[in-house]
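The chain contents come next:
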Amino acid sequence: MNTAPLQGIKVVDFTEVQSGPSCTQMLAWLGADVIKIERPGVGDATRKELQFAPDEPSYYFLQLNSDKKSLALDAKTPDGKEILTRLIKEADIFVENLHPGAMDKLGFSWEAVHALNPRCIYGTIKGFPVSSKYKNLKAYEPIAQVTAAAASTTGWYSDPDNMPTQSGAALGDSNTGMHLLIGLLAALCQREKTGEGTYVYQSMHNACLNLCRIKTRDQLTLDRIGYLTQFPQYPDGKFGDCVPRAGNIEGSGVLGWTYKCKPAGGLDSEIDGNNYVYVILQRGAKDFEAACKAMGFEDWLTNPDFNTADARDRHKDAVHQRIAAWTADKTKYEVTEILGAAGVPVGPVLSTKEMMTDESLYDGNTLVRINQGGDIGEFVTVGCPFTMSNYQPQYGPCPSLGGNTDEVLKSLGYTDDQIKTFAQNGTTASLAEPKK
Ligand SMILES: CC(C)(COP(=O)(O)OP(=O)(O)OC[C@H]1O[C@@H](n2cnc3c(N)ncnc32)[C@H](O)[C@@H]1OP(=O)(O)O)[C@@H](O)C(=O)NCCC(=O)NCCS
């Protein structure tokens, strides 16, 4: 137990913000030695974004950079380039997500890194695939969501709220990091056979699009027959040329929706507006019967407007109205209990607060508490999302900016004098402001 899968793997982490760091944090949690390169005196932009205290790194940074080492390094100086070169020569993986063209300008493109160390795998994140007309654009989360047809298919479908809507889930950021992770782990397996590193290019667009597969399915169907039975627009509304926004439909052939419930009190306040439950009616007759019995709708079992899945799609408004009336005098937890016991797919709409205060989720991986020490103390983050029967990640703190600089430089063979010079000439420490 506890042989880390990536033990002995050295990662040079030239990433920042969320997409890249989410990937390298997973590499660290799987046991790799991750050295994060940060600009001296500046660091990853998220250190100072959305801070809870002026002198502390933000939760944004803390949640994405635990268990890494921080090397403050200006890769634009000759010494900085020399240090980075030494690091790369020893590395198994180099990862970057700077703006398009930035790594070429710094002199550490895939070709350059491959020439320095043919075994080194090179992972890169950009906004768009290289074939895209947008390939030179800088990108953040919403850019990925709007261009991968995620936003145009998300949100409300009728006025006044009919507008493209972004998902709360980081489809363009952390999701891209996880996609790159797949590519890097595949590249490591490939290197076992070939002895050579490969170039793994992951765009935020493609990572987001990979999660929008069912929307492309819907477009194909719409092109073919002109309507989509699972959508609120069917059968009475109009369909245009493209997949419409879907509100809260389940998305496949089963009928699902969010239904308002009685306030539950406690953490579930009226202001927050999360007194809802999601209920699904499966297509199968047996499942439908169980749902009808649990809600007291036995009359539907013999009613041709409701007793087949296709009929329910045609009468979905009536279905929703009746279920909504049934849930209205119950809390979302009560509905979940009643329908869950009957085998009906159901779940309460949970707020961040409700979810993060659920102690059962602190199981070692789902939500984890990391002790950062100092004034920050303990903070909560989302752990490694999968479990392995013979390996348990250990969750440690985040590095301070440049906190491992001397240690890393020493491991590369630099002398104390050289290390001092690098700090004095601005390679590893920010130069003092000139006195006026
Ligand atoms: C996120 C993004 C929009 C930020 O763009 P940005 O504000 O220009 O910031 P970058 O860090 O990419 O680049 C800023 C400069 O810092 C430089 N830099 C970064 N780290 C450095 C270091 N350690 N040493 C020296 N220079 C450094 C870059 O070389 C770049 O210089 P240049 O402008 O002369 O080319 C952009 O990096 C991007 O589109 N990345 C790809 C997609 C992505 O991952 N987005 C983030 C999703 S969470």
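Criteria and cut-off values
- Residues numbered from 1 in each chain as written.
- Predicted model: local features only at pLDDT ≥ 70, side-chain atom pairs only at ≥ 80, totals over all residues.
- Core = buried A, V, L, I, M, F, W, Y, C linked by C-beta atoms within 7 Å.
- Buried ≥ 20, exposed ≤ 12 C-beta atoms within 10 Å, placed from the backbone.
- Helix = DSSP H or I, 4+ residues; strand = E, 2+ residues; numbered from the N terminus.
- Contact = placed C-beta atoms within 7 Å.
- Near = placed C-beta within 6 Å.
- Nonpolar A, V, L, I, M, F, W, Y, C, P; charged D, E, K, R; others polar.
- Domains from an automatic or database assignment.
- Pairing = 2+ DSSP bridges.
- Axes fitted to C-alpha atoms, helices over the stretch in contact; angles between N-to-C directions.
- Right-handed = clockwise from strand over helix to strand, strands pointing away.

K.L.:
Teacher, can you tell me more about the nonpolar core here?
P.N.:
Note that soluble globular proteins tend to have their nonpolar side chains buried in a common cluster. Ranked by internal contacts, the top residues of the largest apolar core, which has 54 residues, are Val-11, Val-12, Leu-27 and Phe-94. The element contributing the most residues to this core is helix α1 (residues 19–29), with five residues. When near neighbours in sequence (up to four residues on either side) are disregarded, Leu-27 contacts Leu-6, Val-11, Ala-32 and Val-34. Membership of the second largest hydrophobic core comes to 18 residues, among which are Val-279, Met-295, Trp-300 and Val-344.

K.L.:
Looking at this model, I keep getting lost on the site of the ligand. Mind explaining?
P.N.:
Surrounding the ligand, one finds 25 residues, the nearest of these being Val-17, Asn-97, Leu-98, His-99 and Lys-138. Sorting elements by how many residues they give to the shell around the ligand places helix α4 (residues 102–106) first, with three residues. Classifying every residue of the shell around the ligand gives 11 nonpolar, six polar and eight charged.

K.L.:
How do you make sense of the domain arrangement of the protein when you look at a structure like this?
P.N.:
Accessible area lost upon the coming together of the parts serves often as the stated size of an interface. Once the domains are mapped, the protein shows domain 1 (10–210 + 360–424) and domain 2 (255–344). Here domain 1 and domain 2 have C-alpha centroids that lie 42 Å from each other.

K.L.:
When you look at the sheet that holds strand β3 (residues 69–72) in this model, what are you seeing that I'm missing?
P.N.:
By way of backbone hydrogen bonds, the strands of a sheet pair with one another, either parallel or antiparallel. Within the open sheet, the six strands sit side by side as β3-β2-β1-β4-β5-β6. Their pairing is parallel. Two strands close off the open sheet at either side, each with one partner strand: β3 and β6 (199–203). For this sheet the average axis-to-axis angle between neighbouring strands, irrespective of direction, equals 20°. Taken together, the four bridges between strand β4 (residues 93–96) and strand β5 (residues 121–126) define a ladder with parallel strand orientation. Paired with Glu-96 across the strands is Thr-124, a residue of β5. In this fold helix α7 (residues 174–194) packs onto β4, β5 and β6, with an angle of close to 160° to the strand it touches most, β5.

K.L.:
Help me out: how do you make sense of the pairing of strand β1 (residues 10–14) in this one?
P.N.:
It is a general feature of regular strands that their side chains alternate between the two faces of the sheet. By the criterion of burial, β1 is predominantly enclosed, with four of the five residues buried. Strand direction decides the pairing type here: β1 and strand β2 (residues 33–38), joined by four bridges, are parallel. Its bridge partner being in β2, Lys-10 is matched across the sheet by Asp-33. Read from β1 through α1 to β2, the crossover connection turns out right-handed. The pairing of β1 with β4 spans four bridges and is parallel. Note that in β4 the partner of Val-12 across the bridge is Phe-94.

K.L.:
I'm lost on the environment of Leu-71 in this one. Help?
P.N.:
Mapped onto the elements, Leu-71 comes out in strand β3. Judged by the 27 C-beta atoms lying within 10 Å of it, Leu-71 falls in the buried class. Setting aside residues up to four positions removed in sequence, Leu-71 forms contacts with Ile-35, Lys-36, Ile-37, Gly-402, Asn-404, Thr-405 and Val-408.

K.L.:
Honestly, the sheet that holds strand β7 (residues 255–260) in this entry has me stumped. Any pointers?
P.N.:
With antiparallel pairing, three strands are arranged side by side in an open sheet as β7-β8-β9. This sheet does not close on itself; its edge strands, each paired only once, are β7 and β9 (346–348). Shown here is a sheet whose adjacent strand axes are inclined to one another by a mean of 15°, direction ignored. Judged from the six bridges that link them, β7 and strand β8 (residues 276–281) form a sheet pairing that is antiparallel. Bridge pairing in β8 links Gly-256 to Ile-280. Helix α12 (residues 316–327) contacts β7 and β8 of the sheet and is inclined by roughly 40° relative to β7. Relative to the sheet, helix α13 (residues 332–341) contacts β8 and β9, its axis offset from that of β9 by approximately 160°.

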